[in-house]
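Close look at the chain arrangement
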Amino acid sequence: MSGQESKFYQKLKAADPFFLMAGPNVIQSQDHIFKMCRQIKSVTDSLGVEFIFKSSFDKANRTNMTSFRGPGMEEGLKVLEAVKTAFDVPIVTDVHDASQCEAVARVADIIQIPAFLCRQTDLLVAAAKTGKVINIKKGQFCAASVRIDVFSTFSICLVMRNSADKCRAVGNPNVMVCERGTMFGYSDLVVDPRNLVWMRDANCPVVADITHSLQQPAGKALEGGGVASGGLRDLIPCVARTCVAVGLDGIFMEVHDDPNTSPVDGPTQWPLRNFKPLLEELLAIAKVSKGKEPVEIDLTPAGDDWSP
């Protein structure tokens, strides 16, 4: 690694108003992946959005032992390589173990670190050593910031900055951090828009996962016993609008042509039929928002002669 930002990373940073990582949660078949990539790309091309195709070869943290996980790394990477070649799109996919990073880097342009693993040093280092762009999801258990007030002064120590710095420490500056909600009691997530501001302290692009953020982990009872993850799909636009208005560099979202039949995270996948209208709305919000611009607060007392 050169220790320099890659051209692809610079392209993502320059995306206006944001880049988009989108696709179905997990690889169901090559035919399905090709269909989804073709249809999502047709929308992003028409709207001029920088697009990275997303899907997973293995969902290693399923609620149930018998749940569908995907085709596995070997077969999954073959599918992702095929769709990358066929549609000339960059690829993002996730890893769960340090041993996977080298093989995944031969196909993926962005290696994603799952939220539950965002502090795993060996995994972060192995991913970073590939030289690829690393997207680190903020753990549901992590505070975005810890403020320490000492004699009227304070410092903000960001958990995500520490994770990003682990990647930079081995010579890879191509890092992004991703908000995906915080656990609020049992089986529920809440998105705190302030996190998108505080996470900027990591000094890298900030991404919002607008679909997993509405997940309700192990919050859905199954017939015959047991639980699965539920979700609040109808609130995805609410979270998406908020995040874009606050200001971000990229959006992560899972999109499916038939969410009710998806074998993984169906309740939080956005319907393909509603994909373009939502993306159009988010672009419109981003173009008028000043969310990424710092506000200079003037605390000078306003006298009687002050006028707005």
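Higher on the page you've got the structure.
**Comments concerning the packing of helix α2 (residues 30-47) against helix α9 (residues 275-288)**
- The geometry of α2 relative to α9 is characterised by a closest axis approach of 10 Å and an angle of 30° between their N-to-C directions. One finds that α2 runs roughly parallel with respect to α9. α2 and α9 meet at a crossing whose hand is right-handed. For the pair formed by α2 and α9, the contact residues are I40, V43, T44, S46 and L47 on the first element and F275, K276, L279, E280 and L283 on the second.
- Class assignment for the residues of the contact of α2 with α9 results in 6 nonpolar, 2 polar and 2 charged.

**Looking at the pairing of strand β14 (residues 250-256)**
- Of all 7 residues in β14, 7 are buried; the element is thus mostly enclosed.
- Residues G250, F252, E254 and H256 line one face of β14 and the alternating positions I251, M253 and V255 line the opposite face, and both faces are buried.
- Bridge analysis of strand β1 (residues 19-23) against β14 gives 5 bridges, and the strand direction is parallel. Across the sheet, the residue bridging to L20 is I251, located in β14.
- With 2 bridges connecting them, β14 and strand β15 (residues 270-271) associate as parallel partners. Residue pairing across strands places H256 opposite P271, the latter belonging to β15.

**What to know about the environment of F184**
- Mapping F184 onto the fold places it in the loop between β9 (182-183) and β10 (189-190).
- Spatially, the C-alpha atoms of F184 and Q140 are 9.0 Å apart, while their sequence positions differ by 44 residues.

**What about the state of the cysteines?**
- For the structure on display, the rule yields 0 disulfides.
- Of all cysteine sulfurs, the one in C243 lies closest to C178, which takes part in no disulfide; the gap is 9.4 Å.
- Left unpaired, C204 is separated from the closest cysteine sulfur, that of C167, by 9.2 Å.
- Classification of C204 by relative accessible area gives buried; the value is 11%.

**Considering the pattern of salt bridges**
- Across all of its chains, the model carries 15 salt bridges by this definition.
- Taking the shortest distance from any N to any O, the salt bridge between R106 and E102 comes out at 4.0 Å. With respect to burial, R106 and E102 carry one shared label: exposed.

What counts, and where the lines are drawn
- Residues numbered from 1 in each chain as written.
- Predicted model: local features only at pLDDT ≥ 70, side-chain atom pairs only at ≥ 80, totals over all residues.
- Heavy atoms only, no water.
- Axes fitted to C-alpha atoms, helices over the stretch in contact; angles between N-to-C directions.
- Helix = DSSP H or I, 4+ residues; strand = E, 2+ residues; numbered from the N terminus.
- Parallel < 35°, antiparallel > 145°, perpendicular 65-115°, else oblique.
- Left-handed = near helix turned anticlockwise from the far one by under 90°.
- Contact = heavy atoms within 4.5 Å.
- Nonpolar A, V, L, I, M, F, W, Y, C, P; charged D, E, K, R; others polar.
- Buried < 20%, exposed > 50% of the residue type's maximum accessible area, 1.4 Å probe, protein only.
- Pairing = 2+ DSSP bridges.
- Disulfide = S-S within 2.5 Å.
- Salt bridge = Lys/Arg side-chain N within 4 Å of Asp/Glu carboxyl O.

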